[in-house]
Amino acid sequence: MNVEEISEYCNSKKGVTEEFPFDEETLVFKVMGKMFALIPLERIPFQINLKCDPEQAIELREIYSSVQPGYHMNKQQWNTIMIDGRLKKNLVLEWIDHSYDLVVEGLKKSDRVKLLNM
């Protein structure tokens, strides 16, 4: 996977915006203004930070060496995933979906209604 594939996948979701709120190197994907994925474009190997259920985050780190506590993030709720060819594409897409869904679940009811009507 590469940045373009992940960007296309994230942007295909309802209510998603893509921006650089921190600096010129950190691409951030938000749903209804809330972050669900960050890609530090200058990092090698390529990586993505994704929100994750705290219990699942620990489990994934124990199973996959490519999954680490979220770099510069709340380490209980965010994972950094190294996209270096060791993980199957469908796993990464599943984790993107999970991150997006967690953020949507945490939105105010009015924002969730707006999202459904987009």
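Since this is a predicted model, take the numbers as computed values, not measurements.

A. Fine view of the overall build of the protein. Counting its secondary structure elements, the protein contains 4 helices and 6 strands. Start at the N end of the protein and walk to the C end: the helices and strands fall as α-β-β-β-β-α-β-β-α-α. Here the protein has a C-alpha radius of gyration of 14 Å; the compact-globule value for 118 residues is 13 Å, and the two agree. Oriented by its inertia axes, the alpha-carbon framework of the protein measures out at about 40 × 30 × 25 Å. Relative to its 118 residues, the protein shows a buried fraction of 41%. Restricting the contact set of the protein to residue pairs at least 6 apart, pairs at least 24 apart contribute 47%. Counting only carbon and sulfur atoms, one obtains 50% of the accessible surface of the protein, whose full area is about 7000 Å².

B. Layout of the packing of aromatic side chains. Counted according to the given criterion, the structure contains 3 aromatic pairs. Ring centres 5.4 Å apart and planes at 85° place the aromatic pair F36 and Y100 in the edge-to-face group. Taken together, the residues F36 in strand β3 (residues 34-40) and Y100 in helix α3 (residues 89-105) connect sequence positions 64 residues apart. Each member of the pair F36 and Y100 is classed as buried.

C. Local environment of the pairing of strand β4 (residues 47-51). Of all 5 residues in β4, 4 are buried; the element is thus mostly enclosed. Two strands pair when backbone bridges link them, and β4 and strand β6 (residues 78-82) are joined in this way by 5 bridges, in the antiparallel orientation. If you follow K51 over to β6, its bridge partner there is W78.

D. Examining the pattern of salt bridges more closely. On inspection of all chains with the given rule, the structure shows 5 salt bridges. A salt bridge links E5 to K89; the shortest N-O distance between them is 3.3 Å. Of this pair, E5 sits in helix α1 (residues 3-11) while K89 sits in helix α3, placing them 84 residues apart in sequence. The class for K89 is partly exposed, based on a relative accessible area of 44%. Two residues, E19 and K30, come together in a salt bridge whose shortest N-O distance is 3.1 Å.

So, how was this worked out
Residues numbered from 1 in each chain as written. Predicted model: local features only at pLDDT ≥ 70, side-chain atom pairs only at ≥ 80, totals over all residues. Heavy atoms only, no water. Helix = DSSP H or I, 4+ residues; strand = E, 2+ residues; numbered from the N terminus. Rg over C-alpha atoms; globule rule 2.2 N^0.38 Å. Buried < 20%, exposed > 50% of the residue type's maximum accessible area, 1.4 Å probe, protein only. Contact = heavy atoms within 4.5 Å. Areas by Shrake-Rupley, 256 points an atom, 1.4 Å probe, with all protein chains shown as cover. Phe/Tyr/Trp six-rings, centres within 6.5 Å; stacked < 30°, edge-to-face > 60°. Pairing = 2+ DSSP bridges. Salt bridge = Lys/Arg side-chain N within 4 Å of Asp/Glu carboxyl O.

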